[in-house]
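# A closer look at the structure
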2 protein chains.
Amino acid sequence: MYRIIKTVPRCIFGKGSLDQLDEILKPFRSGPDNGIVFMADDYFRDKPLSGRIPAGKHDMLLWINVDDEPKTSVVDNLRDRILSESGFVPAAVVGIGGGSIMDYAKAVSVMITNSGSSVLYQGLNLAKNPAVFHIGIPTLSGTGAEVSMTAVLTGPEKKLGIKGEFTPFDLVVLDPELIRDAPANQRFYTGMDAYIHNVESLCGTSRNCMSDSYAHQSQVLCREAFLGTGLSREEADEKLMIASWFGGLSIGFSEVGVCHALSYGLSYVLGYHHGIANCIAFNQLEDVYGKDTDDFHRMIEIHKIDIPHNISKGFTDNQLLHMAEVSIKLDHMWKHAYGPEWRNVVSIDKIVGWFRKM
Amino acid sequence: MYRIIKTVPRCIFGKGSLDQLDEILKPFRSGPDNGIVFMADDYFRDKPLSGRIPAGKHDMLLWINVDDEPKTSVVDNLRDRILSESGFVPAAVVGIGGGSIMDYAKAVSVMITNSGSSVLYQGLNLAKNPAVFHIGIPTLSGTGAEVSMTAVLTGPEKKLGIKGEFTPFDLVVLDPELIRDAPANQRFYTGMDAYIHNVESLCGTSRNCMSDSYAHQSQVLCREAFLGTGLSREEADEKLMIASWFGGLSIGFSEVGVCHALSYGLSYVLGYHHGIANCIAFNQLEDVYGKDTDDFHRMIEIHKIDIPHNISKGFTDNQLLHMAEVSIKLDHMWKHAYGPEWRNVVSIDKIVGWFRKM
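What you see is a predicted model; the values in this text were computed from it and never measured. (Residues numbered from 1 in each chain as written. Chains lettered and ligands numbered in written order. Predicted model: local features only at pLDDT ≥ 70, side-chain atom pairs only at ≥ 80, totals over all residues. Heavy atoms only, no water.)

### A word on the domain arrangement of chain A
Residue and element names in this part refer to chain A. Taken domain by domain, chain A holds domain 1 (10-179) and domain 2 (184-357). The distance between the C-alpha centroids of domain 1 and domain 2 comes to 25 Å. Each partner contributes residues to the interface: domain 1 has 29 residues there, and domain 2 has 26 residues. Approximately 2300 Å² of surface area, both sides summed, lies buried where domain 1 meets domain 2, with 65% of it carried by carbon and sulfur atoms. Three residues stand out in domain 1 for area buried against domain 2, namely Ser141, Val147 and Lys159, and they jointly supply 24% of the buried area on that side. Counting every contact that joins domain 1 to domain 2 gives 1 salt bridge. (Domains from an automatic or database assignment. Contact = heavy atoms within 4.5 Å. Buried area = accessible area lost by both parts, 1.4 Å probe. Salt bridge = Lys/Arg side-chain N within 4 Å of Asp/Glu carboxyl O.)

Okay, here's the thing in structure tokens:
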């Protein structure tokens, strides 16, 4: 049995395409009560971007703090706030920000039309009702969250996405100008998510000609963006934006692997953001990814990026065990990496060993 | 202003995935009257594939002849027949065949819910009502019709597609086994549509990082499929199927150019099928496409394919002029190839000159 892969059905790509947002939203403003909910990273609250969000008087503009990884509790609160303050189901939800905002916008759009806590929907195809029309506008590139069918959430018991038919955005606006001013470290950590997606997608049992094709081209673009010479920042940004899109699509048709499984453990127990957690893990995974880690190390060097290392000195035994337990539960990732008999290869001890190298 | 590109939102890819069709259709069979319309190439009528089409007693199985290119008159007849014979709007339309069947299935799905002749809808975003849910199952790869937002039709006045939000399939089943038994010439002519899409997409003013990325990877796959050594037929088929998908997506974000404009003229006036018409034209376009025609010539040689040449000897002056007139009307293709001032470069005489070389 092959899975039906749901992807984003509408896309606008181009420098300055954000300016078309007001026009895009017109059909959603037909009724008197049809408000739009904008969810934007509060990093932009005092930045010029805030003035470009076309929020009208019937709309709701929510500034979201993403110091922490997206949480089920925050999703539930946002949903309740939207429904109680506006008094009606919004005509559309627009997310503007990095991967965390993409995840929040997707999750809230699903939860507006599905009752109960978002904790109940962490898993595959658990939502029963179609989501509110939702639009993604990424301001960081790499996570692929703008194109994926998962809204990754950390809940009281697990870090796992709301994944399914209704999760992907209905429309994504890809405006490479929006990622221009990202801080260098942030840009790198997030960009490496795409690079790592491709490596993991290509390196496991779920791979196929579709996922390989996306991963190969995304890898070409990542290498141009991070190892290329003679590229303008503008050119590199465009390539990075498409690398993220293709990387996300590759994972959609394949699966993530060892690095993401370890990274989820780091994030869950120690609160590291996804991008940096991936980098911390990938940095020490030569035994799994071979020469792909060499390219990664060259990218770090060229871009003078600080990847935290020797952090395991500060881990308590309890933390280590907890991280490994979170990690080993991600059955689908290990299965992709090592096949259905992955438990013959991967144990809590082996995972603890990987964490100790970080 | 950038365009919103509508793409196919659901895809299943994998050898044997056709066997899941019955399961996929289950949700569409909920009501007593909810029949499915299957539209299949009549080439398969006495082939094993016919036994794998899960048509039930409430369904309609239409065998379609595609000796001629898809026509508006045939679309209108099919639509009328479906509505009068079944007495209700079908729950879904499933197209099984090559590019012509893909175009018929897309066009009929739109026309079931939009009144009048399909001639009225040849153009961009002219249909007002959403189409019936439609599923595409390609049995030839290259045209990209399975993923494009156009159903190309020849009408009494022009060859032009029904293009828009409602045209693309809602779901596509990509089963590489289905293209395995295609006749060698047919496989080649159709496959070259993808190769030519990529060359044209990369060679014009509408190109961008998204369309380039799809075209580059599609070109890698085309070269592997048609120039690669050591590939099994099964591997080549998979690559060709994804090359078609990526090529179609590239064109979606960019545009076709000189070769397609000439090919449309050939098809309209002389009735050549799209794939072979493209090959006849591309074969003589060294002055436009340079070294990309060299690779094309190598592919012809390796696969021992007959591309008709010296056919212009048989053209009457009237035919030549008519072809050139059909061609020059394709403003969007010429604009892509030579920019907004294309009329300074391209004239009826120049086009006639190209046709005379064929």
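### Details of the environment of Trp354(B)
Residues and elements named next belong to chain B. If you trace the backbone, Trp354 turns up in helix H13 (residues 348-357). Given the relative accessible area of 4%, Trp354 is considered buried. Residues Trp354 and Asp287, spaced 67 residues apart in sequence, show a C-alpha to C-alpha distance of 9.8 Å. Contact partners of Trp354, with chain neighbours within four places excluded, come to Val258, Leu262, Leu285, Asp287, Val288, Trp334 and Tyr338. (Helix = DSSP H or I, 4+ residues; strand = E, 2+ residues; numbered from the N terminus. Buried < 20%, exposed > 50% of the residue type's maximum accessible area, 1.4 Å probe, protein only.)

### Focus on the nonpolar core
Core analysis: the largest hydrophobic core is formed by 198 residues, its most contacted members being Trp245(A) and Trp245(B). Other than its neighbours up to four places away in sequence, Trp245(A) contacts Val8(A), Cys11(A), Glu146(A), Val147(A), Val172(A), Leu174(A), Met210(B) and Tyr214(B). (Core = buried A, V, L, I, M, F, W, Y, C linked by side-chain atoms within 4.5 Å.)

### Here's the deal with the sheet that holds strand E5 (residues 92-97) of chain A
Backbone hydrogen bonds hold the strands of a sheet together, and the pairing may be parallel or antiparallel. Across the sheet, which stays open at both edges, the 7 strands sit in the order E4(A)-E3(A)-E5(A)-E7(A)-E10(A)-E2(A)-E1(B) with mixed pairing between neighbours. Both edges of this open sheet fall to strand E4 (60-64) of chain A together with strand E1 (5-6) of chain B, since each of them pairs with a single strand only. Alignment of strand E3 (residues 36-41) of chain A against E4(A), held across 5 bridges, turns out to be parallel. Residue pairing in the sheet places Ala40(A) in a bridge with Trp63(A) of E4(A). On the sheet, helix H3 (residues 99-111) of chain A packs against E3, E4, E5 and strand E7 (134-138) of chain A and is oriented at approximately 165 degrees with respect to E5(A). (Pairing = 2+ DSSP bridges. Axes fitted to C-alpha atoms, helices over the stretch in contact; angles between N-to-C directions.)

### Some words on the interface of chain B and chain A
Counting residues at the interface gives 37 residues for chain B, matched by 37 residues for chain A. Interface of chain B and chain A: buried area, both sides summed, is about 3000 Å²; carbon and sulfur atoms make up 63% of it. Our count for the chain B to chain A interface comes out at 2 salt bridges. The residue Glu165(B) makes a salt bridge to Arg10(A) at a minimum N-O spacing of 2.6 Å. Linking chain B with chain A are 13 residue pairs in polar contact (both at pLDDT 80 or more). Residue assignment for the side of chain B that touches chain A shows that the elements contributing at least two residues are E1, strand E2 (10-13), strand E10 (171-174), helix H5 (209-227) and helix H6 (233-253) of chain B. One ladder, built from 2 bridges, connects strand E1 (residues 5-6) of chain A with E2(B); its direction is antiparallel. The residue bridging Lys6(A) from the neighbouring strand is Arg10(B), located in E2(B). (Polar contact = N/O pair within 3.5 Å; in protein donor to acceptor, adjacent residues only side chain to side chain.)

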